[in-house]
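Residues per chain, in single letters:
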Amino acid sequence: MISGLLYHFGQYLIMMRAALARPEKISMYWKETLRQMHDIGVGSLIIVMLISIFIGAVSAVQFAYQLDGTLVPSYYIGYVVRDLTIIELAPTITCLVLAGKVGSNIAAEIGGMRQKEHIDAMEIMGVNTAAYLITPKLVAALVMIPLLVAAASFLAIMGGYVASVPTDLVTQADYVKGLRSFFVPYNVTMMFVKAFVFAFILTTVSCYQGYFVKGGAIELGRASTNAVVVSDILILLADYIIAIIMTQ
Amino acid sequence: MIRAKNIFKSFGTQEVLKDISIDFETGKCNLIIGRSGAGKTVLLKILAGLLTPTRGEVWYDDTNFLTLGKQEVREIRMKVGMLFQGSALFDSMTVEENIRFPLDMFTNKTRKEKLDRVNYCLERVNLKDNNDKFPSELSGGMQKRVGIARSIVLKPMYLFCDEPNSGLDPKTSILIDNLIESITEENNITTIINTHDMNSVMEIGDRINLLYQGKLAWAGNKSEVLESDNELLKDFIFASPFLQKLRQAALEP
């Protein structure tokens with residue numbers, strides 16, 4: 001098992017080295033990057049919006065339930081929803097969902113190209129396929145996923161507001177007071193660090209799974225599943241490591 | 001000219017190619033034939049640089065391909081075209097975009113120059129005015145012809161064709177064969193075709209190489225095929241009673 005892990009890690013490093021080589025033609029890479037930014041960013045916006053609003057709403061309702069009958073002031077609902085969202089839920093849940101949506105899509109796209117000999121066709125032309133297929137996706141993900149995470153945290157806070165203020169769990173003034181209390185800008189930095197690291201993980205792991213796929217439809221399906229599972233595990237591991245490093 | 005020298009290739013413990021040495025001549029259609037599993041595709045991919053042999057050398061004219069650095073490999077590849085068995089056209093691109101892709105990636109031509117070259121290549125494969133179609137809108141034969149157009153767009157010196165007739169009807173197969181043959185002669189290209197289409201062997205086989213269980217079992221040209229007493233060749237090419245009768249009829253004075 002360890003030798004298997006080392007083999008995959010070695011292959012991954014070799015792929016990433018090739019992927020970060022100088023592009024043959026910047027304009028072609030730029031065009032592909034814009035297409036990927038649209039696919040990853042715009043294509044994921046609706047699902048991220050829906051999930052964020054519900055996460056914020058559920059967090060507010062659950063915390064209000066926890067506070068019921070305690071001496072903790074109700075404006076803490078806004079405060080907890082804000083920090084919970086910014087520090088953990090927006091980057092982590094958004095990226096876990098994106099690993100499922102974007103990651104499986106990347107693995108299937110590149111794996112399909114491998115099986116249909118598109119990658120061989122590009123190699124024969126002299127294209128650095130690792131660079132052309134991976135770098136635009138990586139750049140697009142590193143730009144778009146932090147933006148999606150930022151949008152997710154805003155929408156989750158709005159979701160908390162919608163779920164708690166109209167239902168009288170907390171007054172509007174208290175919710176807003178909670179949002180403005182004990183704000184630590186460093187938490188936003190932590191959110192973006194997480195978003196960048198998770199974006200890197202989910203994109204490169206999915207590219208790796210697709211790029212080295214062998215066999216037929218079953219193997220392609222397996223590569224797509226592996227892309228999601230491995231990305232999710234690594235995202236959670238990275239989440240823990242970042243939490244330790246950045247909160248010390 | 002492309003020269004394979006003492007090529008061995010193994011996958012794990014399975015030895016697929018055993019000491020293959022072949023000269024592929026310039027301006028001619030060099031065929032690699034053999035039964036399924038004989039190692040044809042592996043040899044073609046080694047010659048094209050998509051696979052690395054376990055042992056041996058691949059020479060492109062005076063250059064040992066396997067000793068080249070990345071940049072030099074890329075320069076050689078600019079002179080290589082390849083037609084894949086499944087055409088390998090990019091599904092999300094139109095016919096024009098598919099053919100233009102190598103021009104976009106590697107040349108600094110103007111838009112008009114690129115379009116002129118694409119139109120010339122399309123005209124050459126008799127697919128004029130199909131620029132805006134997607135691969136899914138084309139028949140198998142048309143896809144192969146677009147594949148040929150894409151493979152010649154950068155004016156290659158070496159052309160590799162992996163089973164260009166697979167899945168095509170006999171008439172379309174002849175069309176594709178003739179197209180490859182005329183492009184080879186016109187441009188003095190070293191063309192290597194991997195096939196088990198007997199019609200291709202007899203039509204365009206300037207130089208024929210039979211692989212059997214990873215070894216070179218026979219080499220000759222199309223006129224020598226009929227007269228050869230090589231049992232493996234006879235068994236492979238004249239596999240049916242009908243073809244055997246044809247051979248006998250052809251050999252009768």
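Above this note sits the structure.
Reading guide: rules and limits
Residues numbered from 1 in each chain as written. Chains lettered and ligands numbered in written order. Predicted model: local features only at pLDDT ≥ 70, side-chain atom pairs only at ≥ 80, totals over all residues. Heavy atoms only, no water. Helix = DSSP H or I, 4+ residues; strand = E, 2+ residues; numbered from the N terminus. Buried < 20%, exposed > 50% of the residue type's maximum accessible area, 1.4 Å probe, protein only. Contact = heavy atoms within 4.5 Å. Areas by Shrake-Rupley, 256 points an atom, 1.4 Å probe, with all protein chains shown as cover. Lys, Arg positive; Asp, Glu negative; His and termini not counted. Charge placed at Lys NZ, Arg CZ, Asp CG, Glu CD. 1 Å grid on protein atoms, 1.4 Å probe; cavity = no way out; pocket = protein on both sides within 12 Å on 5 of 7 lines; lining within 4 Å. Points joined across faces, edges and corners; volume = space filled by probe spheres on them. Nonpolar A, V, L, I, M, F, W, Y, C, P; charged D, E, K, R; others polar. Pairing = 2+ DSSP bridges. Axes fitted to C-alpha atoms, helices over the stretch in contact; angles between N-to-C directions. Left-handed = near helix turned anticlockwise from the far one by under 90°. Buried area = accessible area lost by both parts, 1.4 Å probe. Salt bridge = Lys/Arg side-chain N within 4 Å of Asp/Glu carboxyl O. Polar contact = N/O pair within 3.5 Å; in protein donor to acceptor, adjacent residues only side chain to side chain.

A. The arrangement of the overall build of chain A in detail. For chain A, the count of helices and strands is eight helices and zero strands. Secondary structure elements of chain A occur, N-terminal to C-terminal, as α-α-α-α-α-α-α-α. Once the C-alpha set of chain A is aligned to its principal axes, its extents read approximately 70 × 40 × 35 Å. Taken over 248 residues, chain A has a buried fraction of 48%. For chain A, restricting intrachain contacts to residue pairs at least 6 apart in sequence, the fraction spanning at least 24 positions comes to 85%. For chain A, the exposed surface amounts to about 11,900 Å²; the carbon and sulfur share of it is 71%. If the 15 positive side-chain charges of chain A are averaged to one point and the 15 negative ones to another, these points end up 8 Å apart.

B. Structural detail: the layout of surface pockets. Taken as a whole, the second largest pocket encloses approximately 510 Å³ of empty space. Lining the second largest pocket are 23 residues, and of these Glu32, Arg35 and Tyr132 of chain A together with Ser92 and Met93 of chain B sit closest to its centre. Looking at the lining of the second largest pocket residue by residue, the class counts come to nine nonpolar, four polar and ten charged.

C. Molecular detail of helix H3 (residues 95-106) of chain B. The buried fraction of H3 of chain B is high, at eleven of twelve residues. Looking at H3 of chain B, one finds that the buried residues are Val95, Glu96, Asn98, Ile99, Arg100, Phe101, Pro102, Leu103, Asp104, Met105 and Phe106 of chain B. On its buried face, H3 of chain B sits against helix H2 (26-67), helix H4 (118-125) and helix H5 (129-164) of chain A together with helix H4 (111-124) and helix H5 (140-152) of chain B.

D. Up close: the sheet that holds strand S9 (residues 207-212) of chain B. Residues and elements named next belong to chain B. Pairing is mixed across the open sheet formed by six strands, whose spatial order is S6-S7-S8-S3-S9-S10. This sheet does not close on itself; its edge strands, each paired only once, are strand S6 (80-83) and strand S10 (215-220). Neighbour-to-neighbour, the strand axes of the sheet open up by a mean angle of 20 degrees, direction not taken into account. Pairing of strand S3 (residues 29-34) with strand S8 (residues 190-194), which is carried by four bridges, proceeds in the parallel orientation. When the sheet's bridge partners are listed, Asn30 is paired in S8 with Ile192.

E. Quick peek at the packing of H5 of chain A against helix H7 (residues 185-211) of chain A. Residue and element names in this part refer to chain A. Relative to each other, H5 and H7 sit at 145 degrees, their axes nearing to 8 Å. In this structure, the crossing between H5 and H7 has a hand that is right-handed. For the contact of H5 with H7, a count of residues per class yields 19 nonpolar, four polar and one charged.

F. Region of interest: the sheet that holds strand S4 (residues 55-60) of chain B. Residue and element names in this part refer to chain B. Sheet architecture is open: four strands sit in the order S2-S1-S4-S5, paired in antiparallel fashion. Where the open sheet ends on each side, the last strands, each with one partner, are strand S2 (14-24) and strand S5 (63-64). Bridging between strand S1 (residues 2-11) and S4 involves five bridges; their strand directions are antiparallel. By the bridge assignment for S4, Ala4 is matched with Val58. Helix H1 (residues 40-48) contacts S1, S2 and S4 of the sheet and is inclined by roughly 60 degrees relative to S2.

G. The arrangement of the interface of chain A and chain B in detail. Between chain A and chain B, the contact holds 17 residues from the first and 26 residues from the second. Taken together, both faces of the contact between chain A and chain B bury some 2,000 Å²; the carbon and sulfur share is 64%. The salt bridge involving Glu117 of chain A is made with Lys45 of chain B; its shortest N-O contact spans 3.8 Å. Where chain A meets chain B, there are six residue pairs in polar contact (both at pLDDT 80 or more). Of all the secondary-structure elements, those providing two or more residues to the side of chain A that touches chain B are H2 and H4 of chain A. The leading source of residues in the side of chain A that touches chain B is H4 of chain A, at seven residues. Split by residue class, the side of chain A that touches chain B holds eight nonpolar, three polar and six charged.

H. Spotlight on the pattern of salt bridges. Following the criterion strictly, the structure yields 21 salt bridges over all chains and no others. For Arg77 of chain B, the salt bridge is made with Glu123 of chain A, and the minimal N-O distance between the two is 3.6 Å. With Arg77 of chain B in helix H2 (residues 70-77) and Glu123 of chain A in helix H4, this pair bridges two chains. Among the residues examined, Arg77 of chain B registers a relative accessible area of 9% and is labelled buried. Taking the shortest distance from any N to any O, the salt bridge between Glu25 of chain B and Lys28 of chain B comes out at 3.1 Å. Relative accessible area serves as the criterion here: at 28%, Glu25 of chain B is assigned to the partly exposed category.

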